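For reference, the chains in residue letters:
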Amino acid sequence: ERLGGARDMLGGHDVGLDDQQVGLGPQHGVGQLERAMGRDGDGGGDAGAQSLAVVIRGLASDDISSSAVPRVIRRETLIGALNGLAIAVLAGVLGYVLQTIRGGPDPVQIALAMTIAAWANLMIAGLAGAGIPLALRALGFDPALGSNLFLTTVTDLLGFAGFLAVASALLT
């Protein structure tokens, strides 16, 4: 089965990955994983955009001093981790239920892979959403102009790669 989620994530371009190249065979429920892959990146992008908006607003109103930067990054990463925990549990339950209904293999492992990947992606999204505009400002660039592009790249790539890494580690 082709990894359609990767193709969707890359704007419809076929990346040419199959189950064996990822290190997972059809017996591992890769079809279920690849259907969830695109949603994992989307959730990270949305969560990161929340942090991005909060930080850019704070920078624009001069509410974030240089001494407050570590606190802001910790806060947004923690919010991402807490939101990620809630979303990850829901993703894991959904993965388990769908894998069980479809009679697929390893529903617990599929659920665990989805849970870990979703949680990590949302936590990283909070960190990136706070860190990117702060880094751009420190480098002398306007964070409102480029932050979203960098955030989307980070959450899509790490969401995709993280998801495959977790699935490969748990299912092989």
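Attention in this report is confined to the structure presented alongside it.

About the thresholds
Residues numbered from 1 in each chain as written. Predicted model: local features only at pLDDT ≥ 70, side-chain atom pairs only at ≥ 80, totals over all residues. Heavy atoms only, no water. Helix = DSSP H or I, 4+ residues; strand = E, 2+ residues; numbered from the N terminus. Contact = heavy atoms within 4.5 Å. Salt bridge = Lys/Arg side-chain N within 4 Å of Asp/Glu carboxyl O. Buried < 20%, exposed > 50% of the residue type's maximum accessible area, 1.4 Å probe, protein only. Axes fitted to C-alpha atoms, helices over the stretch in contact; angles between N-to-C directions. Parallel < 35°, antiparallel > 145°, perpendicular 65-115°, else oblique. Left-handed = near helix turned anticlockwise from the far one by under 90°. Nonpolar A, V, L, I, M, F, W, Y, C, P; charged D, E, K, R; others polar.

### Topic: the side chain of Ser-147
Alright, step 1. Turning to its location among the elements, Ser-147 is positioned in helix α6 (residues 143-171).
Alright, step 2. Not counting residues within four places of it along the chain, the set of residues in contact with Ser-147 comprises Leu-52, Ile-56, Ile-132, Pro-133 and Leu-136.

### Overview of the environment of Leu-158
Alright, step 1. Note on placement: Leu-158 falls in helix α6.
Alright, step 2. Sequence-distant contacts of Leu-158, defined by excluding residues within four places in its chain, comprise Ile-124 and Phe-163.

### A word on the environment of Gly-146
Alright, step 1. Tracing the chain through its elements places Gly-146 in helix α6.
Alright, step 2. Distance from Gly-146 to Ile-132, taken between C-alpha atoms, is 8.9 Å for residues 14 residues apart in sequence.

### Regarding the pattern of salt bridges
Alright, step 1. This model, assessed by the stated rule, comprises 1 salt bridge.
Alright, step 2. Arg-75 serves as the salt-bridge partner of Glu-76, at 3.1 Å between the closest nitrogen and oxygen.
Alright, step 3. For Glu-76, a relative accessible area of 4% corresponds to the buried category.
Alright, step 4. Given the relative accessible area of 33%, Arg-75 is considered partly exposed.

### Section: the packing of helix α5 (residues 107-138) against α6
Alright, step 1. Where α5 contacts α6, the two axes come as close as 8 Å, and the packing angle between them is 155 degrees. The orientation of α5 relative to α6 falls into the category roughly antiparallel. Seen from above, α5 lies across α6 with right-handed handedness.
Alright, step 2. A per-class count over the contact of α5 with α6 returns 22 nonpolar, 7 polar and 1 charged.

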